[in-house]
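# Secondary and tertiary structure notes
So you can see what is in the structure, the chains are spelled out below.
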Amino acid sequence: MRWIAWLACVALASCTFPPSSNTTTSTGGPDPNSPYLTISGGSLSYHGRAVTLRGENFNNEPALACCGEADINRINVNAQDYANVANTLGGNYVRLGLEYGWYKADKLTFFQVIDRHVQWAKQNHLWLVPVIFGPPGGSHGDYSGQEGFWDSATNQQDLTAFWSDFATHYAVEATVAGYDLFNEPAPPSALDWKAWAQATTDAVTKVDANHFVVLEQTSADWSLPAVSAPRILWSSHCYARAGSEGCNFPGPNHASPTDRPFLVGEVGTKTKSTGLSYVPGDLDAFNRDGVSWTHFLLREPDDGFGLYANNGAGDFSQPQTTMIDIVSQAMKGSVRPG
């Protein structure tokens, strides 16, 4: 997440990036009859139309172990928040934060709640991409505090099994666009991330022939995992001007991603003043370059991150109007499902 990510990314200045070997294979051109958001030729497409994802992060921080407590009943978004992304902002998708502890505590309730979010997204013609913020073993929600996951083979296997079960449940649900397997991974080495990401991608692909996986840049070498699969959306996060420290894309060109298709899973700012200096230019650049993006984030009661400075579901009483205008302008013309 954002409060550590922008600091951690400063280390990029001393990193080197070998040429990428990542590949996303596809089987011919886009299928105009498919109800799913598909990948073909390094691009996203829907009913034969090119798609750039432009959306909002719903982190659900009060319900996450890192930031509140692992309690699915504390999720702080509702149907009105989905309608806000679609109608006020004009976006086409939501990145929905998940906690493994919700699933472990009560699998039936977990899927009932996520099914409700899928329906809210569908009703508002939005795609949904769930992402794990809280893995088994714990995380601070960013590039830190993940030792309990990476030091445990059991926890790693449990999260792989979770994604296999999740993908089985949503294998024929077109509102779910794909699965972001791990937010801001910080493994002991790049090889550890590659091994777990490949095994988990294989497990998802085995049960789901319709959806992509999202694989993020790792802090182990500030690069992407060398994973092969039919459908991969590559991803990193951005908390500075694109191409500078804090927003360097993996690969030889730090200003534009080499691996495609590509999603900036989080783009935002810690303070309103700094964000106004680079977020508008970043969003314009991503749109011109065909790079998908997700603003960070819809709501949070602090100085800069949230478009609404509160934590109440459906509460739009404290709008950060300047940033809302910037985000909504950048979301204009988004291709939406249905």
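A few words now on the overall build of the chain. In terms of helices and strands, the chain carries 9 helices and 13 strands. Taken over the C-alpha trace, the chain has a radius of gyration of 18 Å; the compact-globule value for 338 residues is 20 Å, and the two agree within 12%. Viewed in the frame of its principal axes, the chain has a C-alpha envelope of about 45 × 45 × 45 Å. When each of the 338 residues of the chain is scored for burial, the buried share is 57%. The long-range share in the chain, meaning contacts at least 24 apart out of those at least 6 apart in sequence, stands at 72%. Carbon and sulfur atoms provide 50% of the accessible area of the chain, an area that totals close to 12,300 Å². In the chain, which carries 20 positive and 33 negative side-chain charges, the distance between the mean positions of the two groups comes to 6 Å.

Our next topic: empty space enclosed by the protein. According to the stated counting rule, one finds 2 cavities of 30 Å³ or more in the structure shown. Taken as a whole, the largest cavity encloses approximately 80 Å³ of empty space. If you trace the largest cavity, you find 13 residues lining it, with Asn 59, Asn 60, Asn 76, Leu 297 and Arg 299 closest to the centre. The residue inventory of the lining of the largest cavity, partitioned by class, reads 5 nonpolar, 5 polar and 3 charged. The computed volume of the second largest cavity comes to approximately 30 Å³.

With 77 residues, the main nonpolar core has Leu 98, Phe 110, Phe 162, Trp 163 and Phe 166 as its most contacted residues. No other element matches helix 4 (residues 107–123), which puts 7 residues into this core. Look past the residues within four positions of Phe 166 in its chain and what remains in contact with it is Leu 98, Phe 110, Phe 111, Ile 114, Pro 130 and Tyr 179. In terms of nonpolar packing, the next biggest core, distinct from the first, is built from 15 residues, Leu 37, Val 51, Val 129 and Val 214 among them.

A word on the side chain of Asn 92. Its location among the elements puts Asn 92 in the loop between helix 2 (79–89) and strand 6 (93–99). A polar atom in the side chain of Asn 92 sits 2.8 Å from the backbone nitrogen of Arg 54. If near-sequence neighbours (up to four positions away) are discounted, Asn 92 is found in contact with Val 51, Thr 52, Leu 53, Arg 54, His 125, Leu 126, Trp 127, Ser 334, Val 335, Arg 336 and Pro 337.

Turning to the environment of Thr 201, a few remarks are in order. Tracing the backbone shows Thr 201 in helix 7 (residues 190–207). Between the C-alpha atoms of Thr 201 and Leu 215, which are 14 residues apart in sequence, the distance is 9.0 Å. For Thr 201, the contacting residues outside a window of four places in its chain are Leu 181, Val 213, Leu 215, Val 227 and Ala 229.

Here we have 3 strands laid out as an open sheet, ordered 2-3-4, and antiparallel in their pairing. For this open sheet the edge positions go to strand 2 (38–40) and strand 4 (49–51), each flanked by a neighbour on one side alone. Pairwise comparison of adjacent strand axes, ignoring direction, gives a mean angle of 50° for this sheet. Sheet analysis places strand 3 (residues 43–46) next to strand 4, joined by 3 bridges and oriented antiparallel. Bridged to Leu 44 within strand 4 is Val 51.

Position of Asp 282 among the secondary structure elements: in helix 8 (residues 272–289). Buried and unpaired, Asp 282 has no salt bridge, with Arg 241 as the nearest side chain of opposite charge at 5.9 Å. Separated by 2.8 Å, the side chain of Asp 282 and the backbone nitrogen of Ala 242 make a polar contact. Those residues within four positions of Asp 282 in sequence are excluded, and the remaining contacts are Cys 238, Ala 240, Arg 241, Ala 242, Cys 247 and Val 267.

Definitions and cut-offs
- Residues numbered from 1 in each chain as written.
- Predicted model: local features only at pLDDT ≥ 70, side-chain atom pairs only at ≥ 80, totals over all residues.
- Heavy atoms only, no water.
- Helix = DSSP H or I, 4+ residues; strand = E, 2+ residues; numbered from the N terminus.
- Rg over C-alpha atoms; globule rule 2.2 N^0.38 Å.
- Buried < 20%, exposed > 50% of the residue type's maximum accessible area, 1.4 Å probe, protein only.
- Contact = heavy atoms within 4.5 Å.
- Areas by Shrake-Rupley, 256 points an atom, 1.4 Å probe, with all protein chains shown as cover.
- Lys, Arg positive; Asp, Glu negative; His and termini not counted.
- Charge placed at Lys NZ, Arg CZ, Asp CG, Glu CD.
- 1 Å grid on protein atoms, 1.4 Å probe; cavity = no way out; pocket = protein on both sides within 12 Å on 5 of 7 lines; lining within 4 Å.
- Points joined across faces, edges and corners; volume = space filled by probe spheres on them.
- Nonpolar A, V, L, I, M, F, W, Y, C, P; charged D, E, K, R; others polar.
- Core = buried A, V, L, I, M, F, W, Y, C linked by side-chain atoms within 4.5 Å.
- Polar contact = N/O pair within 3.5 Å; in protein donor to acceptor, adjacent residues only side chain to side chain.
- Pairing = 2+ DSSP bridges.
- Axes fitted to C-alpha atoms, helices over the stretch in contact; angles between N-to-C directions.
- Salt bridge = Lys/Arg side-chain N within 4 Å of Asp/Glu carboxyl O.

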